[in-house]
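# Observations on the three-dimensional arrangement
Each chain, written out:
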Amino acid sequence: MMLFSQTRGLPVLTAVEAASLGKVEAVSIDAATATVSYLRLSGTSRHADAVSWSAVEAVGPDAVIARSRMAADRTAPEVPEHQEVIGRRVLTDQGTEHGTVKDVGFDPDSGRVLTLFTALGDIPGERLIGAGPYAVVVRADDR
């Protein structure tokens, strides 16, 4: 498992050209599938401001490797608006507050969200329903 906080600041390099695309500024998720959808970049010059997860080959402790500059640039026009999840309040689908998101754990191979770490305890990633400008919404615990 890797944390969103561990990816911030990592250089994003291409495997084919060995070129730098920038550094990870934030991680975007697709709440409908509970997976990482894009890596938002800073320090880009003439490249895309985001790299689609489908263009990522590997995420490690020292760098993110994208397949190629072409694969990374191809996704730029269709990038949805970023919704930051770290620091957002967490609400259940029944309206119960569950603290704020402190970090997110994800599988660096598949991009699947594994855990939302909150101020009031951990929430399994499969309970994620939505992420917006006001809150992250999760299914209520059925226990």
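Above: the structure in question.
The structure contained in this document is the topic of the report that follows.

Rules used in this analysis
- Residues numbered from 1 in each chain as written.
- Predicted model: local features only at pLDDT ≥ 70, side-chain atom pairs only at ≥ 80, totals over all residues.
- Heavy atoms only, no water.
- Helix = DSSP H or I, 4+ residues; strand = E, 2+ residues; numbered from the N terminus.
- Contact = heavy atoms within 4.5 Å.
- Phe/Tyr/Trp six-rings, centres within 6.5 Å; stacked < 30°, edge-to-face > 60°.
- Core = buried A, V, L, I, M, F, W, Y, C linked by side-chain atoms within 4.5 Å.
- Buried < 20%, exposed > 50% of the residue type's maximum accessible area, 1.4 Å probe, protein only.

### Observations regarding the overall build of the protein chain
In terms of regular secondary structure, the protein chain is built from two helices and 13 strands. For the protein chain, the proportion of contacts with a sequence separation of at least 24, taken over those separated by at least 6, is 46%.

### Topic: the packing of aromatic side chains
Scanning the entire structure with this criterion turns up two aromatic pairs. The rings of F4, W53 and F106 are connected pair by pair, giving a single aromatic cluster.

### Overview of the nonpolar core
In terms of nonpolar packing, the biggest core is built from 33 residues, with F4, L39, V64 and L116 touching the most fellow members. With four residues, the top contributor of residues to this core is strand β3 (residues 20-30). Those residues within four positions of V64 in sequence are excluded, and the remaining contacts are L10, P11, V12, L13, V24, L39, V56, A58 and V59.

### Section: the side chain of T115
With respect to the secondary-structure elements, T115 resides in strand β10 (residues 113-118). On the basis of relative accessibility, which here comes to 14%, the residue T115 falls in the buried class. In this view, T115 contacts M1, D103, V104, G105, D122, I123 and G125; residues no more than four positions away in its chain are not counted.

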